[in-house]
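Read off the chains here:
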Amino acid sequence: MVVTKMKHARSTNQNPKCDLPQAKRIVIVDDHPLFRKGLEQLINSENSFAICGEAGNAAEAMEVIRKLNPDLAIVDLSLPGANGIELIKNIRAEFSRLPVLVLSMHDESLYALRALRAGAEGYVMKHEAMANVIHAIHEVFNGRPYLSPAMAAQVITKFAHRESEDEADAVERLSDRELEIFRLIGCGAPTREIAKELNLGRPTVETYRRRIKTKLGLQSGNKLSHEAFLWVQSGGQVLTFLL
């Protein structure tokens, strides 16, 4: 019987380290080129790691992953079009054994939990990335899930303060896309800016706004904006108006 091994494609960014058999090949998915470049330089400084591909959105990411067959994908959650949570789910469906490490600007524990539930193996906040990302990558490659220290403390605190396992954050009722729009509303973004940011039509954003109001029991757009603002300002802590 002939066994055929899947071969790695050549790097999409011409990194010679990617052709070394001992190098762990990594793809970065982030829509900020300067951040990608800084992260690439940091990770490439580690002898056993090599950044071999980059993507600025979810569709590009799947193309690069299919082409390169990398050992790890580093994914931002805030992407134009399909968000990082959707991308993680798509990666997990097509590449069940490919580890995913999230690097995100979101410091709310709810995002970390959703990323892990979608199939990510680790979560590092961007402002901690330069200090923690190499350690996080090592942990993930060693088969251990990783949360940055500040995020781990948030998650533990959140669950410790619940009166019962059935008690839930009201915002947890929202889908991943609804949560993303709720956050942007809380940041003061009008509908047209949300539509542009997420590559959605304005009527689609308005439909999501109505769904969010219904799920959270809010009677008006002003109440939605107020509660979203409070949630963002509180760092994503539990909303109590429905509990």
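Residues numbered from 1 in each chain as written. Predicted model: local features only at pLDDT ≥ 70, side-chain atom pairs only at ≥ 80, totals over all residues. Heavy atoms only, no water.

## A look at the overall build of the protein chain
Then step 1. Counting secondary structure elements, the protein chain contains 10 helices and 6 strands.
Then step 2. Surface accessibility of the protein chain: about 12,300 Å² in total, with carbon and sulfur atoms responsible for 52%. (Helix = DSSP H or I, 4+ residues; strand = E, 2+ residues; numbered from the N terminus. Areas by Shrake-Rupley, 256 points an atom, 1.4 Å probe, with all protein chains shown as cover.)

## Notes on the confidence of the model for the protein chain
Then step 1. In the predicted model, the protein chain carries a mean pLDDT of 83, and the fraction of residues at 70 or more is 86%.
Then step 2. Long-range and interchain partners of residues 163-167, a stretch whose pLDDT sits below 50, account for 2 contacts in this model, where long-range means more than four residues apart. (pLDDT = per-residue confidence, 0-100. Contact = heavy atoms within 4.5 Å.)

## Regarding empty space enclosed by the protein
Then step 1. With the rule as written, the count across this model stands at 2 cavities of 30 Å³ or more.
Then step 2. Its boundaries defined by the atoms lining it, the largest cavity holds a volume of some 100 Å³.
Then step 3. Forming the boundary of the largest cavity are Leu77, Ser78, Asn83, Ile85, His106, Tyr111, Arg114, Asp176, Leu179, Glu180 and Arg183.
Then step 4. The biggest single contributor to the lining of the largest cavity is helix H7 (residues 176-186), with 4 residues.
Then step 5. Here the residues of the lining of the largest cavity are counted per class, giving 4 nonpolar, 3 polar and 4 charged.
Then step 6. As for the second largest cavity, its lining consists of Ser78, Leu79, Glu180, Arg183, Leu184, Glu197 and Leu198.
Then step 7. Sorting the residues of the lining of the second largest cavity by element identifies H7 and helix H8 (191-198) as the ones contributing at least two each.
Then step 8. The greatest single-element share of the lining of the second largest cavity, amounting to 3 residues, is contributed by H7.
Then step 9. Broken down by class, the residue content of the lining of the second largest cavity amounts to 3 nonpolar, 1 polar and 3 charged. (1 Å grid on protein atoms, 1.4 Å probe; cavity = no way out; pocket = protein on both sides within 12 Å on 5 of 7 lines; lining within 4 Å. Points joined across faces, edges and corners; volume = space filled by probe spheres on them. Nonpolar A, V, L, I, M, F, W, Y, C, P; charged D, E, K, R; others polar.)

## As for the sheet that holds strand E2 (residues 49-55)
Then step 1. Taking strand neighbours across the sheet as the criterion, the 6 strands line up as E2-E1-E3-E4-E5-E6 in an open arrangement whose pairing is parallel. Each having just a single partner strand, E2 and strand E6 (146-147) make up the two edges of the open sheet.
Then step 2. Pairing between strand E5 (residues 122-125) and E6: 2 bridges, direction parallel. The partner of Gly122 across the bridge, within E6, is Tyr146. (Pairing = 2+ DSSP bridges.)

## Some points on the state of the cysteines
Then step 1. Applying the stated criterion across every chain, the model contains 1 disulfide.
Then step 2. Here Cys18 pairs with Cys52 through a disulfide, and the sulfurs are 1.8 Å apart. An S-S torsion of about -110° defines the bridge between Cys18 and Cys52 as left-handed. With Cys18 in the segment before strand E1 (24-29) and Cys52 in strand E2, the pair connects residues that are 34 residues apart, well separated along the chain.
Then step 3. A residue is classified by how much of its surface remains accessible, and Cys18, at 4% relative accessible area, is buried.
Then step 4. The class of Cys52 is buried, set by a relative accessible area of 1%. (Disulfide = S-S within 2.5 Å. Buried < 20%, exposed > 50% of the residue type's maximum accessible area, 1.4 Å probe, protein only.)

## As for the packing of aromatic side chains
Then step 1. Following the criterion strictly, the structure yields 3 aromatic pairs and no others.
Then step 2. Ring geometry for Phe49 against Phe141: centres 5.8 Å apart, planes inclined by 40°, an arrangement best described as tilted. Taken together, the residues span a long stretch of sequence, with Phe49 in strand E2 and Phe141 in helix H5 (residues 129-141) at a distance of 92 residues.
Then step 3. You can call Phe49 buried: its relative accessible area is 2%. (Phe/Tyr/Trp six-rings, centres within 6.5 Å; stacked < 30°, edge-to-face > 60°.)

## Overview of the nonpolar core
Then step 1. Leu87, Ile91, Tyr123 and Phe182 are the most contacted members of the largest nonpolar core, which has 57 residues in total.
Then step 2. Not counting the four nearest positions on each side in its chain, Ile91 is found in contact with Met62, Ile65, Ala73, Val75, Ser96, Leu98 and Val100.
Then step 3. Residues Ile28, Leu103, Ile134 and Ile137 belong to the second largest nonpolar core, which totals 19 residues. (Core = buried A, V, L, I, M, F, W, Y, C linked by side-chain atoms within 4.5 Å.)

## Some words on the packing of helix H4 (residues 109-118) against H7
Working note: a packed helix pair is described by the angle between its axes plus the distance between those axes.
Then step 1. In the contact formed by H4 and H7, the axes pass within 12 Å of each other and the chain directions differ by 160°. The pairing of H4 with H7 is recorded here as roughly antiparallel in orientation. The chirality of how H4 crosses H7 is left-handed. Contacts between H4 and H7 pair Leu110, Tyr111 and Arg114 from the former with Asp176, Leu179, Glu180 and Arg183 from the latter.
Then step 2. For the contact of H4 with H7, the per-class residue count stands at 3 nonpolar, no polar and 4 charged. (Axes fitted to C-alpha atoms, helices over the stretch in contact; angles between N-to-C directions. Parallel < 35°, antiparallel > 145°, perpendicular 65-115°, else oblique. Left-handed = near helix turned anticlockwise from the far one by under 90°.)

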